[in-house]
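Observations on the model geometry
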Amino acid sequence: MTRVRDFDDRPAFDDPPAEVIAEAAGAFGLLASSARLHIVWALAQGESDVTGLADRVGGALPAVSQHLTKLKLAGLVRSRREGRRQVYFVDDPDIVAVVRLLVGRLAERADPNPARRLRGAGA
């Protein structure tokens with residue numbers, strides 16, 4: 001790792017290995033889709049099956065299912081069987097924290113009314 005300094009000469013974080021940067025870029029790439037980001041946001045609030053997610057995010061069932069498959073293959077989402085249905089959830093607290101922080105902060109900027117802040121969006 002390479003130690004770098006900020007523009008004002010303060011010590012900064014070490015540069016992570018290239019593999020870590022590539023993995024992070026892949027995760028952010030998947031979350032660059034508004035549909036997938038909405039799905040992860042919804043799952044960060046609690047687990048759901050594909051039908052519930054499709055209703056919540058306003059997507060067609062096959063499209064939401066395809067998004068979930070991509071998120072699952074990337075390790076951002078997991079699932080378990082409950083009877084005849086598959087239940088999806090985010091098992092990584094860091095992913096939950098990043099999504100909640102970013103989306104929550106942007107929502108606060110968009111709506112300055114503190115009475116309507118997103119629940120669970122704070123850092």
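Residues numbered from 1 in each chain as written. Predicted model: local features only at pLDDT ≥ 70, side-chain atom pairs only at ≥ 80, totals over all residues. Heavy atoms only, no water.

If you check an unreviewed UniProt entry, the protein chain appears there as Metalloregulator ArsR/SmtB family transcription factor from Streptomyces sp. NBC_00119.

Another point: the packing of helix H1 (residues 18–31) against helix H2 (residues 34–45). With their axes 6 Å apart at the nearest point, H1 and H2 run at an angle of 95° to one another. Here H1 lies roughly perpendicular to H2, going by the angle between them. Mapping the contact onto sequence places Gly 29, Leu 30 and Leu 31 in H1 and Arg 36, Leu 37 and Val 40 in H2. Across the contact of H1 with H2, the residue classes tally to 4 nonpolar, 1 polar and 1 charged. (Axes fitted to C-alpha atoms, helices over the stretch in contact; angles between N-to-C directions. Helix = DSSP H or I, 4+ residues; strand = E, 2+ residues; numbered from the N terminus. Parallel < 35°, antiparallel > 145°, perpendicular 65-115°, else oblique. Contact = heavy atoms within 4.5 Å. Nonpolar A, V, L, I, M, F, W, Y, C, P; charged D, E, K, R; others polar.)

With that out of the way, let us pick up the nonpolar core. Within the largest apolar cluster, 23 residues are counted, with the highest numbers of intra-cluster contacts made by Ile 39, Val 40, Leu 43, Val 64, Leu 68, Leu 71 and Val 77. Residue assignment for this core shows that the elements contributing at least two residues are H1, H2, helix H3 (50–57), helix H4 (61–73) and helix H5 (93–110). The element that contributes the greatest number of residues to this core is H2, accounting for 6 residues. The contacts of Ile 39, once residues within four sequence positions are left out, are Leu 53, Val 57, Val 64, His 67, Leu 68 and Leu 71. (Core = buried A, V, L, I, M, F, W, Y, C linked by side-chain atoms within 4.5 Å. Buried < 20%, exposed > 50% of the residue type's maximum accessible area, 1.4 Å probe, protein only.)

Another aspect to go through is the pairing of strand S5 (residues 85–89). Of the pairings in the sheet, the one linking strand S3 (residues 48–49) to S5 comprises 2 bridges and is antiparallel in character. Paired with Ser 48 across the strands is Tyr 88, a residue of S5. Across 5 bridges, strand S4 (residues 78–82) lies against S5 in antiparallel orientation. Across the sheet, Glu 82 pairs through a bridge with Arg 85, a residue of S5. In textbook terms, the turn of a hairpin is the stretch between consecutive antiparallel strands, and for S4 and S5 this stretch comprises 2 residues, one of which, Gly 83, has a positive phi near 65°. (Pairing = 2+ DSSP bridges.)

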